[in-house]
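Single-letter residue listing:
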Amino acid sequence: MEIKNVAVCGGGVLGTQIALQCQYSGFNTTIWLRSEGSIERTKPKLEHAKNTYLKALDIMNETHAQSDLAGGLVDSYETFNYEESVKKVNDAYDNLKIELDMKKAFEDVDLIIETISEDLDSKINFYKKAAPLLPEKTIICTNTSSLLPSKFMEYTGREDKFLALHFANNIFKSNTAEVMMTSKTDEKVFETVVEFAKNIRMIPIKLRKEKPGYLLNSMLIPLLFSGFDLYVNGISTPEDIDAAWKYGTGAIKGPFEIFDIVGLETAYEISNAHAKLNEENPAYNYKKHVEVLEKKLKEGKKGVITGEGFYKYDKYGKKLS
């Protein structure tokens, strides 16, 4: 199975990063979006991703050393050519295709990476529409962060060619990709996707059994929402909660800095889903989480992508003091 043509479905923070990384790595990549309005929301995210790539390359060029921001961009400073790398990023950005027509987007696609909203009904509706349009050869990956792929795999029309491919945010830096099988995923398809992950400069992490939250989020989400609970219940501030975690553990970032990087829209979707599932006996105060996040989103404070979430940021995503 050879992968050449990739369609990324959804233009959110991760969707745009994944698409740019695929194109940068030499794959013909199309972003499928639902509407004209989605295009206008996606363009700034693509621009932000491109600028972050270029900033990482600038740092390497200025410091004459390997940047910790460039894991998914270059192999080492010794083989780094600044001009060529910058051209490669700009070419990837310029050559990315955006398509609203689902049939055109999927007509010769080898691999789909679905990154639409973290909602079961939305994903089921997407696969019902997409399945009849896909070539026989097409492999489907979902980037779902909290839903089990088996919950909607029957709607793909190809359960043996369906699995999860999950990325951490800032994929050019945190360049891991969790590849997770379902009980019906063909072994050859699994290995093809593992190889694809390597080819887009990711470090593949293999899961041979479904696990909600994969490896990373199984550890990360309890941290984030424990921190959020301390805030919404009036115990402390985001600044002090982050400081407690960073200085107490040696971590680079605290929970609220991570929320801003992941994006408050994603945090809202996850909190809202948990609030609906745990209305009677919540593990955390998810309803209050949703209220706080709704207010932030109404104010246009979506995290690093908009320059403000719980903190303020410059155009390169650096936190302002």
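Small disclaimer: the values here were computed from a predicted structure and weren't measured.

**Let's talk about the sheet that holds strand β5 (residues 139-142)**
Either a parallel or an antiparallel arrangement is found when strands of a sheet pair, and the pairing is made through backbone hydrogen bonds.
Here is step 1 of the chain: As summarised here, the arrangement of the eight strands in space is β3-β2-β1-β4-β5-β6-β7-β8, forming an open sheet in which the pairing is mixed. Looking along the sheet, the strands with just one partner apiece sit at the ends: β3 (97-99) and β8 (203-207). Adjacent strand axes in the sheet meet at a mean angle of 25°, parallel and antiparallel pairs treated alike.
Here is step 2 of the chain: Relative to strand β2 (residues 28-32), strand β1 (residues 5-9) runs parallel, the two sharing five bridges. From the neighbouring strand, N5 faces β2, where its bridge partner is N28.

**Remarks on the packing of aromatic side chains**
Here is step 1 of the chain: As enumerated under the stated definition, the model contains 21 aromatic pairs in all.
Here is step 2 of the chain: Aromatic side chains F228 and F256 sit 5.7 Å apart centroid to centroid with 85° between the ring planes, which places their arrangement in the edge-to-face category. A residue pair is termed long-range when its members are at least 10 positions apart, and F228 in helix α7 (residues 216-232) and F256 in helix α9 (residues 255-262) qualify at 28 residues. Comparing F228 with F256, the two get one shared label, buried.
Here is step 3 of the chain: Taken together, a centroid distance of 5.1 Å and an interplanar angle of 55° make the contact between F228 and F259 tilted. Of this pair, F228 sits in helix α7 while F259 sits in helix α9, and the two are 31 residues apart along the sequence.
Here is step 4 of the chain: In this structure, K50 packs its charged tip against the face of Y93, placed 4.4 Å from the ring centre.
Here is step 5 of the chain: For K319, the ring lying beneath its charged end belongs to Y311, and the centroid distance is 4.3 Å.

Definitions and limits used
In every chain, residue numbers begin from 1 and rise along the written sequence. Predicted model: local features are reported for residues with pLDDT of at least 70 only, side-chain atom pairs are reported and counted for 80 or more only, and whole-chain, interface and lining totals are derived from all residues. Calculation of side-chain values draws on the structure's entire complement of heavy atoms; hydrogens and water are dropped beforehand. Whether two strands pair comes down to DSSP finding at least two bridges between them. Under the DSSP-based scheme used, a helix requires at least four consecutive residues in state H or I and a strand at least two consecutive residues in state E, with every element numbered from the N terminus. Lines fitted to C-alpha atoms define the axes here, with helix axes fitted over just the stretch in contact, and angles between the N-to-C directions of these axes take values from 0 to 180 degrees. In this analysis, rings of Phe, Tyr and Trp, with Trp reduced to its six-membered ring, are considered paired at centre separations within 6.5 Å, and the interplanar angle assigns stacked below 30 degrees, edge-to-face beyond 60, and tilted for intermediate values. The classification of residues rests on relative accessible area computed with a 1.4 Å probe and restricted to protein chains. Under 20% of the type maximum is buried, over 50% is exposed, and intermediate values are partly exposed. Lysine and arginine charges are scored as sitting over a ring when NZ or CZ, respectively, is within 6 Å of the ring centre and within 35 degrees of the ring normal.

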